[in-house]
Structure formats: structure tokens, C-alpha cells
Amino acid sequence: MKPTYQLDELENYLATDLPLVRELNPRLIINDMRLTAPLLGQKLGVPVVSITNGIYSPYFRRAKTTPFFLRNRWHLPQRLLDAVYGSVLGRMMEPIFERPFAKPIDELYRRHGGEPLGRFSRYLAAGDRTLVADLPSIAPLDNAPETTIHVGPCLWDPPASMKQRKLCVASAAPSIYMSMGTSVFPESLVAPCVSMLLEDGYRVVLQTGGQTPPNLPSHDRLQVHDFVSNLDVMRQVNVAITHGGVSTGYEALSCGVPVIGIPSFSDQQWNADRVAAAGAGLVLNPAKVTPASLSKAVNRLCREPRFQSTATDTARPIKSCSLRKALAGALAPLLPELSQSVGTHAA
């Protein structure tokens, strides 16, 4: 397996960051997956705060399911695979999978007097504080230190000036939002799946990312957009079909919308599996998805009240979450004056 970052890339990052941080002389370094940030903190004696998602934490409690890339190679009953991989094999294999990705980072830290951590996930969660932008119910952590703190999801809605136009999906028919990258969902399947959903009587909103797939049907219940505000759409639909990523998933759940995840990468599956385990969605194997299987999944989410109920229950803590207050509480031990300042603004 090829590392995400090569040693020369990491050296360039450090060479760029080090003089800047020395010039700024900050009291705190806050980073979002900047792998050199913890090393900067160690070298300069500056506290480091890492912002990450639970799926990237070494303490993340993954659902007891087998990754699709293994399931599609090992032709064994799914229950048997999940029982073996989820309870035993997965825990043994994860450090092995991570080792090639951590190797160049370990070497960088050795060269510059830092302490190598040995696992890629440990670098993503390294720091004096680790802020996890998730709900504990979606991204549970096991045996995490007190310095690792859930602060809730960070939702972003583009300002009106960035939106193409106000989107209206109002319809008597149940509405489905489909936002799929071509690397996740083959182009050849998009049109047949959309056609199947239209035949089932649904209204479909399709976000193409600027790459409109061929042979889309022309229908008054189909809207096709290059880009949309996810939150604008989620407020008006009944089901969201995504690649299973964290951001779109929380945008859907914040509006009480259950999610169908069709993941391509392992981290997307980890997240989609936890959403499904919470009862707020379903996960489909990308190598085996068909128009019929997608239609069946959509019908389940629309017709079985438990999915909608769970998604609605999940929306409550997302809406009540005060990210400003959570950050103030998490960072107060490092910057005591921040607690008072942020608390005043939040009030």
C-alpha cells in the first residue's frame, strides 16, 4: 500500500510551516489533519489542538462489519465474516493496514527529534487536545483520554451569494436527494437508478458535481443540478443517497433525513456503518448495487417509520449543539481567557 504522504512532501510542509510559526509566535496551534502540526508543537513548545472526525481516531469503535473490499474478495457468508472480522481479525489487522501510511511520518519525527507514534490514526488525533467533530452516538470512542473531546458536528451552509438559486423541491411525492461522485457510483448506473426511482413515484434531486451522466431521463419529477446547498435540499427531501461521507451524512441527519450510504473508501464505510448501526440509514455494497437494490433500500427508508424516527431523534442533539461553547470548554485549560470571551459571545 502506498503512503498518503511521501517523506519529501512532509519535509516540505515542515520547512514551510516552521519559519511561519516562529514568526507568528502563537500561543496555540490548531490544525485539521496537518500531520506536521504536532511536531511543530513539540519543537517550539506550543500547545497543539487537532480537529478530526471520530472515524480517524485510534479510539473509534467501528461497527462490527467487514470492509467491502475484503467482503468482495472473500466469498464467505456475511454473518461469518462480520463475526470474525468485527470481533477479532479487524482489531489485529488495523495496525498492520496503518503501518505503511505511518512509516514516512515516523521517519520525519525521528529526523527532527519528535516522538514517532507508529500508527497513522495516532497522528491524526495527536495533540494536547483532540476535538472530535461528531456526535458520540455516531462516532463512539473507546478508552479515549480526557483530552479527546466530542464537540459535535460542524455544519456549513454557503452564504446566499454563493448559491446558484433558491432550490424548491416541494412535491406531493416523496423526494430523494442523490449526490454521488463518479468514482463511487459508476456513471452507467446513475441513469438507470434515477429511472427506477421515478418509476417508483419519487421526485429525484440529482447533484452531478458538474459531470452530468449520460442518458438521464427527461421527467417533471427530476431536477438535475451541478451543485446545490446540501442543507437547502435536506430540508425538503425524505431520503439522502450519498457516498457515506461525514459532512453530507450530518447535513442529512440534522434535518431528520435518513441516509443510504454507497461508500467507495474505507473511511466512508466506517461512517456509513455507524449511521446504519444507529438505525438512521442503510449501507449498500458499491460493487453490487443495482437499480433494483437501490429502489428496495429507498422504499425501506420511506415506508419503515423507525428510520425516520431515529433520524429525527438524531437531529435534536445536532441542532442543540453549541460548537462555540463546546470549543470554549475544550480549550479553556490551554487558553483560560478564551472561556470567558467565547461564553460572553455565546450568551
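Bear in mind the structure is a predicted one, so any value in this text is a computation, not a measurement.

Student: Pulling in residues and values, what's your account of the sheet that holds strand β10 (residues 281-283)?
Tutor: As summarised here, the arrangement of the six strands in space is β7-β6-β5-β8-β9-β10, forming an open sheet in which the pairing is parallel. Each end of this open sheet is capped by a strand with a single partner; those strands are β7 (222-225) and β10. Adjacent strand axes in the sheet meet at a mean angle of 15° when their direction is disregarded. Sheet topology note: the strand β6 (residues 203-207)/β7 ladder contains four bridges and is parallel. Each residue of the ladder has a partner; that of Q207, found in β7, is H225. The sheet contacts of helix α9 (residues 266-277) involve β9 (259-261) and β10, and relative to β10 the element is tilted by about 135°. Each of β5 (175-179), β8 (239-242), β9 and β10 is contacted by helix α10 (residues 291-303), which is oriented at about 155° to β9, the strand it contacts most.

Student: Got a sec to walk through a nonpolar patch on the surface? Specific residues and values, please.
Tutor: Together, W74, L76, L80 and V84 make up a nonpolar patch on the protein surface, roughly 350 Å² of accessible area in all. Of note, L80 is situated in helix α4 (residues 78-111).

Student: Before we move on, could you go through the environment of L198 and cite the residues and values that matter?
Tutor: Within the secondary structure layout, L198 lies in helix α6 (residues 187-199). Taking the C-alpha atoms as reference points, L198 and I176, 22 residues apart in sequence, are found 9.8 Å from one another. The residues touching L198, leaving out its near neighbours within four places in the chain, are V204, P217, H219, R221 and L222.

Student: Give me the sheet that holds strand β4 (residues 148-150): which residues, what numbers.
Tutor: With respect to topology, four strands assemble into an open sheet ordered β1-β2-β3-β4, the strand pairing being parallel. On the outer flanks of this sheet lie β1 (29-31) and β4, each paired with one strand and no other. Along the sheet, successive strands turn relative to each other by an average axial angle of 20°, direction set aside. Looking at chain direction, strand β2 (residues 48-52) and strand β3 (residues 129-132) are connected through four bridges and run parallel. Bridge pairing in β3 places T52 opposite V132. Of the strands in this sheet, β1 and β2 touch helix α2 (residues 37-44), which is tilted by about 170° from β1.

Student: Account for the nonpolar core, naming residues and giving values.
Tutor: Counting 25 residues, the largest nonpolar core has M178, V194, I241, I260, I262, L294 and V298 as its most contacted members. If you list the elements that add at least two residues to this core, you get β5, α6, β6, β8 and α10. If you tally residues by element for this core, the top one is α6, at six residues. The contacts of I260, once residues within four sequence positions are left out, are V239, A240, I241, T242, L282, L284, L294, A297, V298 and L301.

Student: How would you explain the packing of aromatic side chains if you had to name every residue and give the values?
Tutor: Inspection of every chain in the model, using the stated rule, returns three aromatic pairs. When the ring centre of Y13 is taken as origin, the NZ or CZ atom of R34, which lies over that ring, is 4.4 Å away. Above the plane of the ring of W270 lies R62, whose end atom (NZ or CZ) is 3.7 Å from the centre.

Student: For the environment of A191, give the residues involved together with the corresponding values.
Tutor: Here A191 shows up in helix α6. Linking A191 and N215, residues 24 residues apart in sequence, is a C-alpha distance of 6.0 Å. When neighbours within four sequence positions are excluded, A191 is seen to be in contact with P214, N215, L216 and P217.

Student: Break down the pattern of salt bridges for me, with residues and values.
Tutor: Taken as a whole, this structure holds 10 salt bridges when the rule is applied. In this structure, R111 engages E107 in a salt bridge whose closest nitrogen and oxygen atoms are separated by 3.5 Å. Linking R111 with E107, this pair stays in helix α4, spanning four residues, or about one helical turn. R306 is the salt-bridge partner of E304, the closest N and O atoms lying 3.3 Å from each other. Note on E304: relative accessible area 26%, which makes it partly exposed. Note on R306: relative accessible area 46%, which makes it partly exposed. Via salt bridges that share partners, E11, E107, R110 and R111 belong to a single interconnected network.

Conventions adopted
Residues numbered from 1 in each chain as written. Predicted model: local features only at pLDDT ≥ 70, side-chain atom pairs only at ≥ 80, totals over all residues. Heavy atoms only, no water. Pairing = 2+ DSSP bridges. Helix = DSSP H or I, 4+ residues; strand = E, 2+ residues; numbered from the N terminus. Axes fitted to C-alpha atoms, helices over the stretch in contact; angles between N-to-C directions. Contact = heavy atoms within 4.5 Å. Patch = residues over 30% accessible without salt bridge, like charges linked within 9 Å, V, L, I, M, F, W, Y side chains within 5 Å. Areas by Shrake-Rupley, 256 points an atom, 1.4 Å probe, with all protein chains shown as cover. Salt bridge = Lys/Arg side-chain N within 4 Å of Asp/Glu carboxyl O. Core = buried A, V, L, I, M, F, W, Y, C linked by side-chain atoms within 4.5 Å. Buried < 20%, exposed > 50% of the residue type's maximum accessible area, 1.4 Å probe, protein only. Phe/Tyr/Trp six-rings, centres within 6.5 Å; stacked < 30°, edge-to-face > 60°. Lys NZ or Arg CZ within 6 Å of the ring centre and 35° of its normal.

By themselves, these observations are geometric and do not establish any function.
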